[in-house]
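Given next are the chains, with one letter for each unit.
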Amino acid sequence: MTAAQADHARARSEIRELPEGFKLDAPRVEDGAAIWRIARDSRTLDLNSSYSYLLWCRDFAATSVVARDAEGAPAAFVTGYIRPDRPDTLLVWQVAVDDAHRGRGLAAALLDGLTTRIARELGVNRLETTITADNAASNRLFASFAERHGAPHRREVLFDAALFPEQGHEPEVLHLIGPFAAPAPCL
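Residues numbered from 1 in each chain as written. Predicted model: local features only at pLDDT ≥ 70, side-chain atom pairs only at ≥ 80, totals over all residues. Heavy atoms only, no water.

Colleague: In this structure, what is going on with the overall build of the protein chain? I would like to understand it.
Modeller: Scanning the protein chain from N- to C-terminus turns up five helices and seven strands. The order of α-helices and β-strands along the protein chain, N terminus first, is α-β-α-α-β-β-β-α-β-α-β-β. Within the protein chain, buried positions represent 42% of all 187 residues. For the protein chain, contacts bridging at least 24 residues in sequence account for 66% of all contacts bridging at least 6. Of the accessible surface of the protein chain, which amounts to about 10100 Å², a share of 55% is contributed by carbon and sulfur atoms. (Helix = DSSP H or I, 4+ residues; strand = E, 2+ residues; numbered from the N terminus. Buried < 20%, exposed > 50% of the residue type's maximum accessible area, 1.4 Å probe, protein only. Contact = heavy atoms within 4.5 Å. Areas by Shrake-Rupley, 256 points an atom, 1.4 Å probe, with all protein chains shown as cover.)

Colleague: Would you mind going over unusual backbone geometry with me for this structure?
Modeller: A negative phi holds for most residues other than glycine; trans holds for most peptide bonds. Omega for the peptide link from Gly178 to Pro179 comes to 5°, which places this bond in the cis form. Relative to the assigned elements, Pro179 resides in the segment after strand S7 (172–177). The backbone of Arg43 shows a phi angle near 60°, a positive value even though the residue is not glycine. By secondary structure assignment, the location of Arg43 is in the loop between helix H2 (32–42) and helix H3 (50–59). Arg43 sits in the exposed class, given a relative accessible area of 62%.

Colleague: Please explain the sheet that holds strand S6 (residues 153–159) as it appears in this structure.
Modeller: What holds strands together in a sheet is hydrogen bonding between their backbones, with the strands either parallel or antiparallel. Spatially, seven strands are ordered S1-S2-S3-S4-S5-S7-S6 in an open sheet, and the strand pairing comes out mixed. The open sheet has two edge strands with one neighbour each: strand S1 (23–25) and S6. Taking each pair of neighbouring strands and ignoring which way they run, the sheet shows an average axis angle of 25°. The pairing of strand S2 (residues 65–68) with strand S3 (residues 74–83) spans four bridges and is classified as antiparallel. Each residue of the ladder has a partner; that of Val66, found in S3, is Phe77. (Pairing = 2+ DSSP bridges. Axes fitted to C-alpha atoms, helices over the stretch in contact; angles between N-to-C directions.)

Colleague: Please clarify how the confidence of the model for the protein chain should be interpreted in this entry.
Modeller: In low-pLDDT segments, the atomic positions of the prediction should not be examined closely. Within the protein chain, residue pLDDT values average 89, and 89% of them lie at 70 or more. In this model residues 1–13 is a low-confidence stretch, pLDDT under 50, and it forms ten contacts with partners more than four residues away in sequence or in other chains. (pLDDT = per-residue confidence, 0-100.)

Colleague: How should I be thinking about the side chain of Asp31 in this particular structure?
Modeller: One can find Asp31 in the loop between S1 and H2. Ignoring anything within four residues of it in the chain, the contact list for Asp31 reads Ala26, Cys57, Val66, Arg68 and Pro74.

Colleague: Any chance you could explain the pattern of salt bridges here in plain terms?
Modeller: Any two side chains of opposite charge can pair, on the condition that their charged atoms come close. The final tally for this structure, using the stated rule, is 15 salt bridges. Residue Arg154 is joined to Glu156 by a salt bridge in which the shortest nitrogen-to-oxygen separation is 3.4 Å. One salt-bridge network, held together by shared partners, links Asp25, Arg28, Glu30, Asp31 and Arg68. (Salt bridge = Lys/Arg side-chain N within 4 Å of Asp/Glu carboxyl O.)

Colleague: Please explain the pairing of S7 as it appears in this structure.
Modeller: A regular strand carries its side chains on alternate faces of the sheet. Burial of S7 is extensive: six of the six residues sit out of reach of the surface. Of the two faces of S7, both are covered, the one formed by Glu172, Leu174 and Leu176 as well as the one formed by Val173, His175 and Ile177. One ladder, built from five bridges, connects strand S5 (residues 126–131) with S7; its direction is antiparallel. By the bridge assignment for S7, Glu128 is matched with Leu176. Where S6 lies against S7, six bridges are found, and the strand directions are antiparallel.

Colleague: Help me understand the layout of surface pockets in this model?
Modeller: By rolling a water-sized probe across the atoms, one finds the places where empty space is left. Estimates place the volume of the largest pocket at around 710 Å³. Taken together, 27 residues line the largest pocket, and the ones lying closest to its centre are Asp46, Trp93, Thr130, Ile131 and Glu172. Of all elements in the fold, only S3, strand S4 (86–97), S5, helix H5 (136–148), S6 and S7 reach the threshold of two or more residues within the lining of the largest pocket. Examining the composition of the lining of the largest pocket, we find that five residues originate from one element, S4, more than from any other. Class assignment for the residues of the lining of the largest pocket results in twelve nonpolar, nine polar and six charged. Its volume calculated, the second largest pocket comes out at about 490 Å³. (1 Å grid on protein atoms, 1.4 Å probe; cavity = no way out; pocket = protein on both sides within 12 Å on 5 of 7 lines; lining within 4 Å. Points joined across faces, edges and corners; volume = space filled by probe spheres on them. Nonpolar A, V, L, I, M, F, W, Y, C, P; charged D, E, K, R; others polar.)

In structure tokens, the structure reads:
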């Protein structure tokens, strides 16, 4: 085994597993209201209209994921899309975990599960997201993702605060992660 293969095997063994009782699934239109509520209750995300979450579940289900609890209800989600001008890049739009399920590693497991699936299916090997400097949990989530996957991680301001119409919006910092290793083929 080469050093690169050993590094890849080590990184794959550290991929976050979904906690017991949860299942990864593609979002469905009927999940839109629950996803909107999870985003609203997060108190950190910019809340989009409920209509946009319905559209997201319809149009971007292939590049998004939900964690379902034992009853099948969404407990957490990651929404994303493939950058039109960079087909190897997933832009993660939002990540949120329901208050009742925080602290179990759901966000990391969702992010790992989603990127593994779309890397295999769509050839994605880079990830981008924007995070405000004061969102410590998201900053840790994406830094640990890069570390788990042995991927370079750069940051740069994408949207300065002056670009936002409302007062007090923090600058959105673009996190560029990748390339990360392709997942092992399914056998």
